[in-house]
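# Coordinate analysis (summary)
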Amino acid sequence: MLGDYAVVLGWAGHHAAALTLLDRIDRARASAYVLEGLAGSARRLQRYDLAESLYRGAMTRAPDRVEPQIGLALTLADAGKPDAAGAIVAGLRAQHPQRTDVLQAAAEIATARRDDFGALAAWQAILARDPTHRAALRGRTQTLARLGAPGLAADLADRHPGLLDASERAALAASSTASQIRWGMIAADTERGPARFATLDRALADSEVAGQRALAPAETLSAAERQWALDRIVALVARFRMREAVALYEAMAARENPLPGYVTAAVASAFLHLEQPERARDLYRAVLAADPDNLEARLGLFYALAESEQHDAALAQIEQIVATTPSQIDAWSAATVRENPAYARVLAARAMAPLFANRPGEAQERLQVLADRAPFNMNVRTDHASSMRARGWPRTAEAELRWILAAEPANSGALGERAGALLEMRDYRAAEDALAVAQSVAAEDGRVRRAARLAEVHGLQELIVDGTFGRSSGGGATGAPAGTQDYALEAWLFSKPLAYQYRVFGHLYSAAARFSNGTGRWERAGVGLEYRSPLVTATGELTGGLNGSGAGAAATVAFTPNDFWTLRGRVDTSANDIPLQARLTDVTARRAFAEVGWRAHESRAAAVSLDLFDFSDGNRRDITQARWTERVIAGPVYKLEVTPGLYASRNSQAGVPYFNPSRDFSPTLEFANEWLQWRHYTNAFRHRLVLAVGSYWQQGFGTGPVAGVRYEQEWTADDRLVLRYGIGRTQHPYDGQRTTRDFGYFSLNWRF
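Nothing here was measured: the structure is a model prediction, and the numbers come from that model. Every chain's residues receive numbers from 1 upward, in the order its sequence appears when written. At least 70 in pLDDT is required for a residue's local features to be given in this predicted model, at least 80 for side-chain atom pairs to be given and counted, and no such filter applies to totals for whole chains, interfaces and linings, which use all residues. Working from all heavy atoms in the structure, the side-chain values ignore hydrogens and water.

### What to know about helix α14 (residues 223-238)
This is how it is decided: To qualify as a helix, a DSSP run of H or I must reach at least 4 residues; to qualify as a strand, a run of E must reach at least 2; elements of each kind are numbered from the N terminus. Every helix has an expected span of 1.5 Å times one less than the residues it contains. For the exposure calls, accessible area comes from a 1.4 Å probe over protein chains only, and a residue counts as buried if that area is under 20% of its type's maximum, exposed if over 50%, partly exposed in between.
Compared with the 22 Å implied by 1.5 Å per residue over 16 residues, the 23 Å span of α14 between its first and last C-alpha is a close match. A large share of α14 lies buried, amounting to 14 of its 16 residues.

Put into structure tokens, the structure is as follows:
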């Protein structure tokens, strides 16, 4: 009687009360159904060891009875032993293929083993015999939702009212929204244009109410609302509504329950997009603490470290990813082995790593090797083109990008890179067309956004101001050539681009120097027109003196046939670069200048020039210069450039009232040290220390040493402003007498 009472208590749901009678029941003599009842109560109270013992006792008492075997299988599944449970239920199905309780147990255990297709087959087997079986209908509905078919699940629930309660229907709706988001993300990645976001936008509309409730700290969220809010964060990131995603994430993070890793990873990418790499770094690390093999998070951490200027850590991170990413997958047989598609992506990221660390040459060489190995991997080739641009080869990059786009016309990254390359080539009309196409395909792509920013800055007005001031001591018979005190100020103001290739400009020049016999001044203003095309850059300017020096004209031209060579020329009827000593006697000069420049890449360049001055007093000055610049150290913080240079001049007249050596020659060697103090995307602060040594030979006065030092700081802000200023000292012999000049200078380039 006591055993029957325990069973009845279990039927009534009073499982704890039923188990209190266990010690008063003789388990050795109790019937099988009593042991089953007590085992069921133990299972529902999660006392799995006791339940297993009782079920096995019942099976011993009644070996042919199916119910305790089902109970044991379900207990093992609940206890985290789904394989053992599956073995028992598989044996039962072999013996009793049509028993509903066996099929139901099989479905529940398949669910525990995350075998949703197996669970669906079992539920459908029950419904084939009994289409109205409520438990099977309910199980099939929930299984369809898990399999990513919430629409089918909702349809089934609608045809059988009461199958799900309100909270379950809400959970099903949340699952439907999650499914929409997954499909919407695929569409956003594979389709083109604004229409690719249609599915995501529908999902966001479905989760709008839950999202608003989640933003209110006082609101309590149901399980379905919480799921809607979490999935909404992912959808907002995929929709590039990053600030909304961050706001909702922060609201959810302030609540009690921890957030799942997929949400944290999505928000980390949002912070990268918003140029907050430090926050992205911390979130990626949190994701990897729970899921160390998450490749997306590992790569995200690499980019976050690189963009937060932690280059050593970034390089270590990408090397670790490469070392632990297999080049092949499915390698359990020769017939199934194939290349791992993630491996090429990881190698490309490692190849790009030096670019973040101010070593574009190393990045370009690595990417060249990858592009040769995988010529039809368009992502690798696009990265290769990006490295070409970083090396100063926009034409080479544009040719590569045209090849890519011939194969993949809708490749948004290549479209954005090409628009940027065309801007750097000065092919502005083609750049505008290319950017429009890129934005129609994927305006949110990072490369497209950067090209759009470059185009925006290009379309602004530009102000350039250069100034210097100094004090000199020493000098020969005519004193220091720069005077005892001097200054020079030059300003250019350019209009916005007109008809793509033209800009109107105003030009102001003012300089003065004090000498023992007076102050020499030169002040001029001019207006002109600039023309820019891929092949030629030219200016024409009309000038007028502000201190009685008369009208003049100037023209410049630069011919750039490729990424490496530039030929420059200039003519000026009233040159600004004349000795201010000459102005004391109203001497002016006409000037003709020519230069051949060669630039191999960012680390090597050379130039040779000829400068001719025809002074109004009959003197003719010819100046020849040559230089070679080599970047010998390049890193994320420090770089060193060495520039050997040669200077030689001759003058046709002697005895003029300004420094005018008949012949002179000067070899120099300059060491330019640069340190990057900090950088945050387009904002940066650098400082430089430049040391120069050499010698100077002047006919009639012999040879003397030349030395110089200057220190400068440079601020850049938001692609639009560059401000540089510094101080320095030079020592130079003139007419055999050492002259020292202390000077300061500044340079401003502002787009507005």
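Picking up where we left off.
### A look at the pattern of salt bridges
Definition in use: For this analysis, a salt bridge means a side-chain nitrogen from Lys or Arg found within 4 Å of a carboxyl oxygen belonging to Asp or Glu.
For the structure on display, the rule yields 62 salt bridges. Its salt-bridge partner being Arg232, residue Glu208 comes within 2.8 Å of it at the nearest N-O pair. Of this pair, Glu208 sits in helix α13 (residues 208-215) while Arg232 sits in helix α14; the two residues are 24 residues apart in sequence, bridging distant segments of the chain. Classification of Arg232 as buried rests on a relative accessible area of 5%. Two residues, Glu417 and Arg389, come together in a salt bridge whose shortest N-O distance is 2.8 Å. Residue Glu417 is found in helix α24 (residues 412-425), and its partner Arg389 is found in helix α22 (residues 378-390); the two are separated by 28 residues along the sequence. By the burial criterion, Glu417 is buried, and Arg389 matches it. Salt bridges linked by common partners bring Lys639, Glu670, Glu674, Arg686, Arg688, Arg710, Glu712, Glu714 and Arg724 together as one network.

### Some points on the pairing of strand β12 (residues 620-634)
What counts, and what does not: Note: two strands are recorded as paired if DSSP finds a minimum of 2 bridges between them.
Sheet analysis places strand β11 (residues 604-615) next to β12, joined by eleven bridges and oriented antiparallel. When the sheet's bridge partners are listed, Ala605 is paired in β12 with Thr629. The antiparallel pairing of β11 with β12 creates a hairpin that spans four residues between the two strands, and Gly618 there sits at a positive phi of about 95°. Pairing analysis gives eleven bridges linking β12 to strand β13 (residues 638-651), with the strands arranged antiparallel. Its bridge partner being in β13, Glu630 is matched across the sheet by Val642. Between β12 and β13, which pair antiparallel one after the other, the connecting turn spans three residues.

### As for the pairing of β13
By the bridge criterion, 13 bridges tie β13 to strand β14 (residues 663-680) in an arrangement that is antiparallel. Pairing of Leu640 across the sheet is with Asn673, part of β14.

### Quick look at the side chain of Arg391
Note the threshold: Nitrogen and oxygen atoms within 3.5 Å of one another constitute a polar contact, given that in protein one can donate a hydrogen and the other can accept it, and given that sequence-neighbouring residues count only through two side-chain atoms.
Relative to the helices and strands, Arg391 is located in the loop between α22 and α23 (394-407). Overall, Arg391 belongs to the buried group, its relative accessible area being 7%. A polar contact is formed between the side chain of Arg391 and the side chain of Glu602, at a distance of 2.9 Å.

### A short note on the layout of surface pockets
This is how it is decided: Cavities and pockets were defined on a 1 Å grid built from protein atoms only: a cavity is a group of points that admits a 1.4 Å probe but offers it no way out, a pocket is an open group of points flanked by protein on both sides within 12 Å along at least five of seven lines, and a lining residue is one with an atom within 4 Å of any such point. Grid points are joined across faces, edges and corners, and a volume is the space filled by probe spheres set on the points. The classification used treats Ala, Val, Leu, Ile, Met, Phe, Trp, Tyr, Cys and Pro as nonpolar, Asp, Glu, Lys and Arg as charged, and all other residues, Gly among them, as polar.
Taken as a whole, the second largest pocket encloses approximately 940 Å³ of empty space. Of all the secondary-structure elements, those providing two or more residues to the lining of the second largest pocket are α23, α24, α26 (446-458), β6 (518-532), β9 (565-572), β10 (589-601), β11 and β12. Looking at the lining of the second largest pocket element by element, the count peaks at five residues for β10. Looking at the lining of the second largest pocket, its residues break down into twelve nonpolar, ten polar and 18 charged.

### Notes on helix α16 (residues 261-273)
Heads up, the rule is: The contact criterion used throughout is that any non-hydrogen atoms of two residues lie within 4.5 Å.
For α16, which comprises 13 residues, the first-to-last C-alpha distance of 19 Å matches the rise-based estimate of 18 Å (1.5 Å per residue) to within 8%. Among the residues of α16, those classed as buried are Val263, Thr264, Ala265, Ala266, Val267, Ala268, Ala270, Phe271 and Leu272. Each element contacted by the buried residues of α16 is listed here: α14, α15 (242-253), α17 (277-290) and α18 (295-307). Where α16 terminates, the next one or two residues include Glu275, which has phi positive at roughly 60°.

### With respect to unusual backbone geometry
Glycine aside, residues mostly have negative phi, and peptide bonds are mostly found in the trans state. In this model, Asn358 sits at a positive phi of 65°, which is unusual for a non-glycine residue. For Asn358, the location among the structural elements is in the loop between α20 (341-356) and α21 (360-373). For Asn358, a relative accessible area of 23% corresponds to the partly exposed category. Even without glycine at this site, Tyr500 takes up a positive phi of about 70°. Its location among the elements puts Tyr500 in the loop between β4 (485-494) and β5 (502-515). Its relative accessible area of 27% is what places Tyr500 among the partly exposed residues.

### Comments concerning a nonpolar patch on the surface
Here is the rule we go by: The residues that make up patches have over 30% relative accessible area and no salt bridge, and they are joined within 9 Å when like-charged or within 5 Å when they are Val, Leu, Ile, Met, Phe, Trp or Tyr. Surface accessibility in these figures is a Shrake-Rupley result with a 1.4 Å probe; residues are shielded only by whichever protein chains are displayed.
A contiguous nonpolar surface patch, about 410 Å² in accessible area, is contributed by Leu535, Phe559, Trp565, Leu567 and Val596. Tracing the backbone through its elements, the reader meets Leu567 in strand β9. Its relative accessible area of 38% is what places Leu567 among the partly exposed residues.

### A short note on the environment of Gly645
Along the chain, the position of Gly645 falls in strand β13. Each C-alpha atom, one on Gly645 and one on Trp628, is 6.6 Å from the other, the two residues being 17 residues apart in sequence. Ignoring sequence-local partners within four residues, the contact set of Gly645 consists of Ala626, Arg627, Ser666, Pro667 and Thr668.

### With respect to the packing of aromatic side chains
Applied cut-off: What counts as a ring pair is set by centres within 6.5 Å for rings of Phe, Tyr and Trp (its six-membered ring), and what kind of pair is set by the plane angle: stacked under 30 degrees, edge-to-face over 60, tilted for all other angles. Two limits define a charge over a ring: the Lys NZ or Arg CZ must be within 6 Å of the ring centre, and within 35 degrees of the ring normal.
This structure, assessed with the given rule, holds 21 aromatic pairs. Joined through ring pairs, the aromatic side chains of Phe302, Tyr303 and Phe356 make up one cluster. Of note, Arg381 hangs over the ring of Trp403, and the distance from its end group to the ring centre comes to 3.8 Å.

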